[in-house]
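Chain residues, written in single-letter form:
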Amino acid sequence: MEIVPLEPLPEDWERALCVVAHPDDMEFGAAAAIARWTGQGKEVTYCMVTSGEAGIDALPPDECRVVREAEQVESARIVGVPHVEFLHQPDGILEYGVPLRRQITHVVRRFRPEIVITGNFRDTWGGVNLNQADHIATGRAVVDAVRDAGNRWVFNEQLVDGLEPWGGVRAVWATGSPDSRYGVDTTDTFDLGVESLEAHRAYIDGLGWEHFDPREFLEGFGRQAGQRMGVAFAAQFEVFPMGWGE
Ligand SMILES: [Zn+2]
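Worth saying up front: this structure is predicted, and the values here are computed from it rather than measured.

Colleague: Is there a simple way to think about the overall build of the chain in this case?
Modeller: Helix and strand content of the chain: seven helices and eight strands. In terms of overall dimensions, the chain is globule-like: its C-alpha atoms have a radius of gyration of 17 Å, near the 18 Å expected for 246 residues. Principal-axis analysis of the C-alpha atoms gives the chain an extent of 50 × 45 × 35 Å. A burial count over the chain gives 50% of its 246 residues as buried. Considering only residue pairs separated by 6 or more positions, the chain has 81% of its internal contacts joining residues 24 or more positions apart.

Colleague: Please clarify how the coordination of the zinc ion should be interpreted in this entry.
Modeller: Perfect tetrahedral coordination of a metal by four donors corresponds to 109.5 degrees between them, and perfect octahedral coordination by six donors corresponds to 90 or 180 degrees. Every protein donor of the zinc ion is accounted for by His22 (ND1), Asp25 (OD) and His135 (NE2), and the metal-donor separations fall at 2.0 to 2.1 Å. The sequence motif formed by the donor residues of the zinc ion is H-x2-D-x109-H. Exposure remark for His22: the relative accessible area of 7% places this residue in the buried category. Since its relative accessible area comes to 17%, Asp25 is described here as buried.

Colleague: Would you mind showing me how to read the nonpolar core here?
Modeller: Soluble, globular proteins show a tendency: their nonpolar side chains are buried together. Ranked by size, the top nonpolar core spans 27 residues in total, and within it Met26, Ile34, Trp37, Tyr46, Ile117, Trp173 and Phe237 carry the most contacts. Per-element accounting of this core gives the leading share, five residues, to helix H1 (residues 31–39). Not counting the four nearest positions on each side in its chain, Trp37 is found in contact with Leu9, Glu11, Trp13, Lys42, Ile117, Trp173, Val184 and Phe237. Listed in part, the 25 residues of the second largest apolar core include Val19, Val49, Val142 and Val169.

Colleague: Help me understand the side chain of Gln72, please; the structure alone is not making it clear to me.
Modeller: Here Gln72 shows up in helix H2 (residues 61–78). Classification of Gln72 as buried rests on a relative accessible area of 0%. Discounting chain neighbours no more than four positions away, the residues touching Gln72 are Pro23, Asp24, Glu27, Tyr46, Met48, Val84, Phe86 and His200.

Colleague: For this particular structure, what's the right way to read the packing of aromatic side chains?
Modeller: Aromatic ring pairs are reported here in terms of the distance separating the ring centres and the angle at which the planes meet. The final tally for this structure, using the stated rule, is 12 aromatic pairs. Each ring, one from Trp37 and one from Trp173, has its centre 5.6 Å from the other, and the planes form 55°; the classification is tilted. Taken together, the residues span a long stretch of sequence, with Trp37 in helix H1 and Trp173 in strand E6 (residues 171–175) at a distance of 136 residues. Judged by its relative accessible area of 0%, Trp37 falls in the buried class. An aromatic cluster is defined as three or more aromatic residues linked by ring pairs; in this entry it consists of Phe28, Trp209, Phe212, Phe217 and Phe221.

Colleague: In this structure, what is going on with the pattern of salt bridges? I would like to understand it.
Modeller: Two side chains of opposite charge can pair, provided their charged atoms sit close to one another. For the structure shown, the criterion picks out 15 salt bridges. Residue Arg65 pairs with Asp62 through a salt bridge whose shortest N-O separation is 2.9 Å. Residue Arg65 and its partner Asp62 are both found in helix H2; the two are separated by three residues, about one turn of the helix. What makes Asp62 exposed here is its relative accessible area of 59%. For Asp205, the salt bridge is made with Arg201, and the minimal N-O distance between the two is 3.2 Å.

Colleague: I keep staring at the environment of Pro8 and nothing clicks. Help me out?
Modeller: Note on placement: Pro8 falls in strand E1 (residues 7–8). The class of Pro8 is exposed, set by a relative accessible area of 57%. Spatially, the C-alpha atoms of Pro8 and Phe237 are 9.9 Å apart, while their sequence positions differ by 229 residues. Ignoring any residue separated from it by four or fewer positions in sequence, one finds Pro8 in contact with Tyr182, Gly183 and Met229.

What counts and what doesn't
- Residues numbered from 1 in each chain as written.
- Predicted model: local features only at pLDDT ≥ 70, side-chain atom pairs only at ≥ 80, totals over all residues.
- Heavy atoms only, no water.
- Helix = DSSP H or I, 4+ residues; strand = E, 2+ residues; numbered from the N terminus.
- Rg over C-alpha atoms; globule rule 2.2 N^0.38 Å.
- Buried < 20%, exposed > 50% of the residue type's maximum accessible area, 1.4 Å probe, protein only.
- Contact = heavy atoms within 4.5 Å.
- Donors = N, O, S within 2.8 Å, 3.2 Å for Na, K, Ca; no water.
- Core = buried A, V, L, I, M, F, W, Y, C linked by side-chain atoms within 4.5 Å.
- Phe/Tyr/Trp six-rings, centres within 6.5 Å; stacked < 30°, edge-to-face > 60°.
- Salt bridge = Lys/Arg side-chain N within 4 Å of Asp/Glu carboxyl O.

Here's what the structure looks like:
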């Protein structure tokens, strides 16, 4: 099969905001890229739309939420992300719509990122594996909220106490999209990405996947993307330009 090369993502930015549906969404492929960027001195913040509280069969949501938030905070710390925001929307039954856009818009206006990263929100992961409803709702709300954030007259009630519209997001990058055409070399930070996924210990144990090895798992995808960039490991992203005239 012909290998389609991945174009290197731009790195001439200072601030990124990652908005994903669940704790662990960043760690299943993108964390090593985050470690690379924070290592370059960039500022990255995580925002979890849910706390993944419906993610462990043996743990009721109220107990699970606490465990998973703590795991996410630790997993973020490992890759140089000091702050994790939790929006506390319901895990598993997240709905795309104006209320979700409103919440994400508020976060974008507060953090004023140049790049917003989200998870794959295409219908599948490529092939027959269907994507999950929360991921699709989140990604769609993220691209809309990035535009909303720049429009003074959308969610105008947020613009108090000095909060201003923010139209400075250059692009939304969706990690793990089957339509990825861009990538970033994660060879040097690959181990940090593994460590970051391993921080989701209770979640991984709760999955009950026999012999699941975080390193092996990440190596598989990392190598595939790496091959497309001529490096050992890479992470891949679909790019949605948000500015006009780019
Ligand atoms: Zn998820």
